Amino acid sequence: METVQHHLAADETAPVALRQWLTEAVGLDQLRFRRPEPIGRSRDIWIVSGRDGAGEVIEFVSRRETGRGTFSGTTFTLRREAAILACLEGTAVPVPRVRAVAEDGDVILIDLVPGTASFEFDDDAVRARTVESFLATIARLHEIDPAVLDGVVEQPATAADHALIDLRHHQAAFQEFGAGEAALQRAFDWLHRSVPAQVQRTSVLQGDTGPGNFLHLAAEVTGLIDWETSHIGDPMDDLAWMWFRKCFLRGDEDVVDWYARYARLSGLHVDHDVVCFYRVLVLVRAAVATIVRRAHNPGVEDPKPARMCALVDAVLRDPYGRGGVSDALPPIMDADGRRRLEKVAP
């Protein structure tokens, strides 16, 4: 779960092995390495520039596995992400082009996409147009034939598979790195019992989608970034990620308005209970990610695993947001607190 901002810090010296590999991978001279501004970084990221044979300056983004991040030792490898991006190149959604993958899969090189991941706006009209562009991009993503990822990610064969395939990957990481967390074990049990019985559409999902994980310029989306947890599933899963990145991480409260606009653009009904199911799964994924990172950084004090497990415990007290439980996670609703999600339809 990481975001690349194009506001660069001072130049730094890249590891020698990385510099050598990149020199061979892209055939550029005068390589320079600059750090992007980190936000929730789970990989080691560099912006790489150099001159080609014609003297033109070309820029890329290098992403390197450190062995200490939130996905280290899990299914969600850089090689997998690169394969997904390669499959999506040339489709209806803009993604960074993959230029090279290291032999061991621990480093990938992708194009530097123009734009910013910042979601702070001085102009409300620009913000509104940017949101519309983002939601239209996600609606187009959800219309892409999932067969585009054949051989890269598993395709669901049943309605339950739309949730269970990805759930099992996160559960495997939990069992490997943190099976002692009782709240997460209860959550996995609940998720297995509560899998939605129907799916409106089988779609390619970005995973971890929302503010911070798309780039935009002049109110238009220039690229969707951070595809580590992409998979084939139910579009309502991506809508739950929008809640996480917009409401949970940013404190915004108008996600229902986004859902209404998504419904209009996609032609899908936004199902309250299904989004709430995936909200539980999103919080579980986030909790597992913090536990994986803790396991790879022994001796480093990190309050996030305990905090995320407490949130999982809270959402399980009233997972569908209907019981009025005082110490449960607040239900999904719009800013005025009255119009509930179940009223949203295309």
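The following refers to the structure shown.

Rules behind the numbers
Residues numbered from 1 in each chain as written. Predicted model: local features only at pLDDT ≥ 70, side-chain atom pairs only at ≥ 80, totals over all residues. Heavy atoms only, no water. Helix = DSSP H or I, 4+ residues; strand = E, 2+ residues; numbered from the N terminus. Rg over C-alpha atoms; globule rule 2.2 N^0.38 Å. Buried < 20%, exposed > 50% of the residue type's maximum accessible area, 1.4 Å probe, protein only. Contact = heavy atoms within 4.5 Å. Lys, Arg positive; Asp, Glu negative; His and termini not counted. Charge placed at Lys NZ, Arg CZ, Asp CG, Glu CD. Pairing = 2+ DSSP bridges. Salt bridge = Lys/Arg side-chain N within 4 Å of Asp/Glu carboxyl O. Core = buried A, V, L, I, M, F, W, Y, C linked by side-chain atoms within 4.5 Å.

Right, let's talk about the overall build of the protein for a bit. Scanning the protein from terminus to terminus reveals nine helices and ten strands. Relative to a compact globule of 346 residues, whose C-alpha radius of gyration would be 20 Å, the protein shows 20 Å and is just as compact. Viewed in the frame of its principal axes, the protein has a C-alpha envelope of about 65 × 45 × 40 Å. Looking at the protein as a whole, 54% of its 346 residues qualify as buried. Contacts in the protein between residues at least 24 apart in sequence constitute 71% of all its contacts with a sequence separation of at least 6. In the protein, 38 positive and 52 negative side-chain charges are present, and the distance between their average locations comes to 2 Å.

We now examine the pairing of strand β9 (residues 220-224). Bridge analysis of strand β8 (residues 214-217) against β9 gives four bridges, and the strand direction is antiparallel. In the sheet register, F214 faces β9, and the bridge partner there is L224. Between the end of β8 and the start of β9, which pair antiparallel, lie two residues, with A218 showing a positive phi angle near 55°.

Now for the pairing of strand β6 (residues 107-111). Most of β6 is tucked away, with five of its five residues classed as buried. By the bridge criterion, five bridges tie strand β4 (residues 57-64) to β6 in an arrangement that is antiparallel. Bridge pairing in β6 places S62 opposite L109. Where strand β5 (residues 98-101) and β6 come together, three bridges link them in antiparallel fashion. Within β6, the residue paired with V98 across the bridge is I110.

Tallied over the full model, the rule gives 24 salt bridges. Note that D252 is salt-bridged to K246, the shortest N-O span being 3.5 Å. No difference in accessibility class separates D252 from K246, as the two residues are buried. Across the pair R317 and D313 runs a salt bridge, and its minimum N-O distance is 3.8 Å. Assessed through its relative accessible area of 24%, D313 is described here as partly exposed. Several salt bridges converge on common partners, so that one network encompasses R43, R63, E65, E81 and E228.

Side chains of a nonpolar character, in soluble globular proteins, are inclined to be buried together. Counting 81 residues, the largest nonpolar core has F134, L184, L224, W243, Y259 and V284 as the members making the most contacts within it. Here the element with the most residues in this core is helix α8 (residues 272-296); it accounts for 15 residues. Core analysis: the second largest hydrophobic core is formed by 14 residues, V26, F33, F60 and A100 among them.

Read these as layout, nothing more, since geometry by itself doesn't imply function.
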